[in-house]
Every structure is written in structure tokens, then in C-alpha cells.
Amino acid sequence: MAKGKKSAHTKSKIITLKMAQDCVQLSLDGKRCLDLSLKAISTVPKCIQKLFEMDELNLSRNLIRKVPDFTDNFISIKVLDLHTNYLEELPVSIGRLQNLLVLNLCNNRLTGLPSEVGLLKKLHTLNLGLNLLNALPASIAGLKELCHIGLSDNRFERYPGCLLKLPKLEKVNLDRNPLLSEKTTNQESPVLTERLHMVKESSLCEDCLCKFKAEMRMLEDAEWNEP
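Note that the structure is a prediction, hence the values are computed from the model and not measured.

Undergrad: Just give me the short version of the overall build of the chain, but keep the residues and values in it.
TA: Within the chain, the regular secondary structure consists of 3 helices and 8 strands. The N-to-C order of helical and strand elements in the chain reads α-β-β-β-β-β-β-β-β-α-α. When each of the 227 residues of the chain is scored for burial, the buried share is 39%. Element-wise, carbon and sulfur atoms account for 54% of the exposed surface of the chain, whose accessible area totals about 14,400 Å².

Here it is as C-alpha cells:
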């Protein structure tokens, strides 16, 4: 369970379009951010659909339990911040936010991710710390631009193999996970033994047959030379 939160039963505030418009911030470089953090809202206001031409959407530190599908209208956003809410899952529509560079889902109640997360081809930072995850979808291997991923304070017992396929990955935070030690992992892994199969000489190709005969001669010579 996510830590340090207010009760989810706190009465939710209602955000009007006018209130949302007043929360739009313009940075010096012209980027537009709709900042609805710390508004004590339990649902994402439908009225914000009219403010879809944003570069950043901040819905952090609220009481939100579900991300509605209409958020996929924010096709221009490069930063989506949903940290410190009560999310238990993400909609598959998350994969339509093709311009996302940063996705912050830290401090929620996520037990899994939809495979559509792997469609966020431009993503370079993904924060999933403080959730209930024990695995990542294989589609994460498609995030070829990913540089940083936060997985601290989850339930991972092993390093996610899909991360090994990310060419630009620089930092993985797996702090405070119940990772199995290398020794334990080796003990649990099945022992691989060499298997020998008998075949007829006629079943071997010419190259394999020559190699086999050469190796047999080497073994015979070694036995003959033994003291």
C-alpha cells in the first residue's frame, strides 16, 4: 500500500472549467502546464477535455482511483504526473499518448501495467516506485528511448529481463524490493545437464562426421599416452 497518504474517503472537490483554466501555467519557454495537483479530487474532471492542448498535465497528490479514457485526447503532452494517488490500474488508452517523455506513477496501488505502455516510444523517464508491482510487461522492451526507470519499494524478486533489451537505459532503481540473492536464484534454478544422443554415422553430414572422427582420434591418442 502506498505510504503517507490522506484517507481516500476525504470529500472530493469539484473542479469547474474556469477553475481549471486558472490552473494553467505558462513557462518561460512557452510550455503550457495544467497543474491540478493537491486539489483533493477523486476523479479527473471531464471539463479539462477542453484544455487538451497542453504540454504537461499534473494530477499528482490527489485521491484519484481511475484514469479516464478521455485523457488520451491530450496527445501533445510530454509530461504526465499522477504520483501519490490511489490508482490500481491504467487504461489501455495510455498507449495513445505518443509524445510522452516523462510518466510519473509513483506512490499508487498498481499491481500491473497494460502492455500498451510499450507503445510510448519517446518515453525517457518512467517512475513506478512505491506500488505493488512484481513484474513488468514484456512490451517494456519496446521503449528504446527509456533512460531512467524507478521501481523502488515494490515486490520484485528478480531483475526484470525486459530491461536488458533497452539500449539507452542508464539508471534502474530497485531499492527496497525483496530481490532474491544470486545464490538463492541459482539454487532455485533447474540444473542444466549435458544431454548425449546416439546417432548413426549415416545421419551425420560430411563436415560433422569428419569433426567427430578427428575428436575421436584425439581422445584415443590421449588415452594411449596416459602413463
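Undergrad: Lay out the environment of Leu26 in plain terms, naming residues and giving numbers.
TA: By the secondary structure assignment, Leu26 is in strand 1 (residues 24-26). Each C-alpha atom, one on Leu26 and one on Asp55, is 9.8 Å from the other, the two residues being 29 residues apart in sequence. In this view, Leu26 contacts Lys31 and Arg32; residues no more than four positions away in its chain are not counted.

Undergrad: Just give me the short version of the confidence of the model for the chain, but keep the residues and values in it.
TA: When pLDDT is averaged across the chain, the result is 84; 74% of the residues are at 70 or more. Counting interchain partners and residues more than four positions distant, the pLDDT-below-50 stretch residues 1-8 has 18 contacts. Note on residues 183-200: pLDDT is under 50 here. Beyond four places in sequence and across chains, it has 5 contacts.

Cut-offs and rules
- Residues numbered from 1 in each chain as written.
- Predicted model: local features only at pLDDT ≥ 70, side-chain atom pairs only at ≥ 80, totals over all residues.
- Heavy atoms only, no water.
- Helix = DSSP H or I, 4+ residues; strand = E, 2+ residues; numbered from the N terminus.
- Buried < 20%, exposed > 50% of the residue type's maximum accessible area, 1.4 Å probe, protein only.
- Areas by Shrake-Rupley, 256 points an atom, 1.4 Å probe, with all protein chains shown as cover.
- Contact = heavy atoms within 4.5 Å.
- pLDDT = per-residue confidence, 0-100.

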